[in-house]
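Spelled out, the chains give:
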Protein chains: 2
Amino acid sequence: MSLPGSLTRLIEELQRLPGIGPKGAQRLAFHILKTPREQTERLVDALRDVKERVTYCSICNNITDVDPCAFCANDARDGTMICVVEEPQNVGGIEKTRDFKGVYHVLMGALSPLQGIGPDDLKIKGLLGRVSNGVSEVILATNPNVEGEATAIYLARLLKPLGVKVTRIAMGVPVGSDLEYADEVTMHKSLEGRREV
Amino acid sequence: MSLPGSLTRLIEELQRLPGIGPKGAQRLAFHILKTPREQTERLVDALRDVKERVTYCSICNNITDVDPCAFCANDARDGTMICVVEEPQNVGGIEKTRDFKGVYHVLMGALSPLQGIGPDDLKIKGLLGRVSNGVSEVILATNPNVEGEATAIYLARLLKPLGVKVTRIAMGVPVGSDLEYADEVTMHKSLEGRREV
């Protein structure tokens, strides 16, 4: 359809992003054509800044501008409780609850034999080192799916011999949902984890 | 949720793009964090190139790398037939049919009193100039909605006195659809435009 070469190239690059297909990429590219040059410059700067400035915390592997990260450097956080998550974006979900005052450890993935991800591909060694230095509880907050569950079981086996309390976040029916739509595995976990009222 | 400042800024900039909400922007930003630096550089270059290289054809207002555009500069295209569209992206849809061998004229919008877009905001003057130079037919391919229809009627009134044949693309039930789901205005246009078989 004979678009200018530079536009075709932008559409190709935009299509590489997750959740953006050919139609979406074309729509974005035409939008960018129309927007003022300064706005595109701000996007370009933001893209470059992220790649240049964001690094990973040398203690917990969370993303950060400064090393150690805001959680690890904060004395007000309880360093004896470590919450283990798969990805940096999982930290935000837990912080939103305002319930957790401890520190984090980001594994950078989960065990997945099918995708060829084994224990050596995850940041487990650092976690073991941290636990040896007087940690009282490790909360395993990996995803409630096959990979996350396998990772949690694997970590529990490694951590328990170190004499630390190891817990797993509760699985059950989500708040605000309808029991009618709960799948049987969730229902099973929900019954199994029932508590006296 | 205490993300690094540069990441927050990228999420904000991505949210300005059409069809990308807060969750989508966060997902894209985390994806960009993970991708190799070279891939982000290619995206950055493509964004800059589009803003620097793409201009509008001085004859038909279509987007182009070189002026005049590939359609206006191509002697194999029939310069006596002009297809009028609202936006540069509409040209692609007509080219895909391989039915049209004439040239284009991009209005850069449609009449819309509600949005304050009047005749002076559209590239109409150039069209009138072109039509005076021996054009045989003008096909009005503005959108089949209120604004496109109003624009077509307005242009027809301006063009007919110049002695040129003015046509409007057919409106009717789309091919492959089911009559059951056709709205009454489309059905009305479809009956009105019926042809002998």
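About the criteria used
- Residues numbered from 1 in each chain as written.
- Chains lettered and ligands numbered in written order.
- Predicted model: local features only at pLDDT ≥ 70, side-chain atom pairs only at ≥ 80, totals over all residues.
- Heavy atoms only, no water.
- Salt bridge = Lys/Arg side-chain N within 4 Å of Asp/Glu carboxyl O.
- Helix = DSSP H or I, 4+ residues; strand = E, 2+ residues; numbered from the N terminus.
- Buried < 20%, exposed > 50% of the residue type's maximum accessible area, 1.4 Å probe, protein only.
- Phe/Tyr/Trp six-rings, centres within 6.5 Å; stacked < 30°, edge-to-face > 60°.
- Arc of directions from axis to C-beta.
- Contact = heavy atoms within 4.5 Å.
- Core = buried A, V, L, I, M, F, W, Y, C linked by side-chain atoms within 4.5 Å.

(A) Broad picture of the pattern of salt bridges. Residues and elements named next belong to chain A. Enumeration over the complete set of coordinates arrives at 20 salt bridges over all chains. Two residues, Arg 53 and Asp 49, come together in a salt bridge whose shortest N-O distance is 3.6 Å. In this pair, Arg 53 and Asp 49 are both assigned in helix α3 (residues 37–53), four residues apart and thus about one turn of the helix distant. Judged by its relative accessible area of 14%, Asp 49 is buried.

(B) Up close: the packing of aromatic side chains. All names here are of chain A. Scanning the model with the defined rule gives four aromatic pairs over all chains in all. Here Phe 71 and Tyr 104 contribute two aromatic rings whose centre-to-centre distance is 5.2 Å and whose plane-to-plane angle is 70 degrees, an arrangement assigned as edge-to-face. Here Phe 71 is found in the loop between β2 (63–64) and β3 (78–85), whereas its partner Tyr 104 is found in strand β4 (residues 102–106), with 33 residues between them in sequence. A single burial state applies to Phe 71 and to Tyr 104, both of which are buried. Taken together, a centroid distance of 5.3 Å and an interplanar angle of 65 degrees make the contact between Phe 100 and Tyr 104 edge-to-face. Like Phe 100, the residue Tyr 104 is buried in the burial classification. Ring pairing ties together the aromatic residues Phe 71, Phe 100 and Tyr 104, which thus form one cluster.

(C) Representation of helix α1 (residues 5–15) of chain B. Inspection of α1(B) places Ser6(B), Leu7(B), Leu10(B), Ile11(B), Glu13(B) and Leu14(B) among the buried residues, and these make up the whole buried set. Taken end-on, α1(B) shows its buried residues confined to a sector of 165 degrees, consistent with a single buried face. Where α1(B) is buried, its residues contact α3 and β2 of chain A together with α2 (22–34) of chain B.

(D) Here's a closer look at the nonpolar core. Residues Leu10(A), Leu14(A), Leu10(B) and Leu14(B) are the most contacted members of the largest nonpolar core, which totals 38 residues. When contributions to this core are tallied by element, the ones reaching two or more residues are α1 (5–15), α2 (22–34) and α3 of chain A together with α1, α2 and α3 (37–53) of chain B. In contact with Leu14(B), other than residues within four places in its own chain, are Leu43(A), Ile20(B), Ala25(B), Leu28(B), Ala29(B) and Ile32(B).

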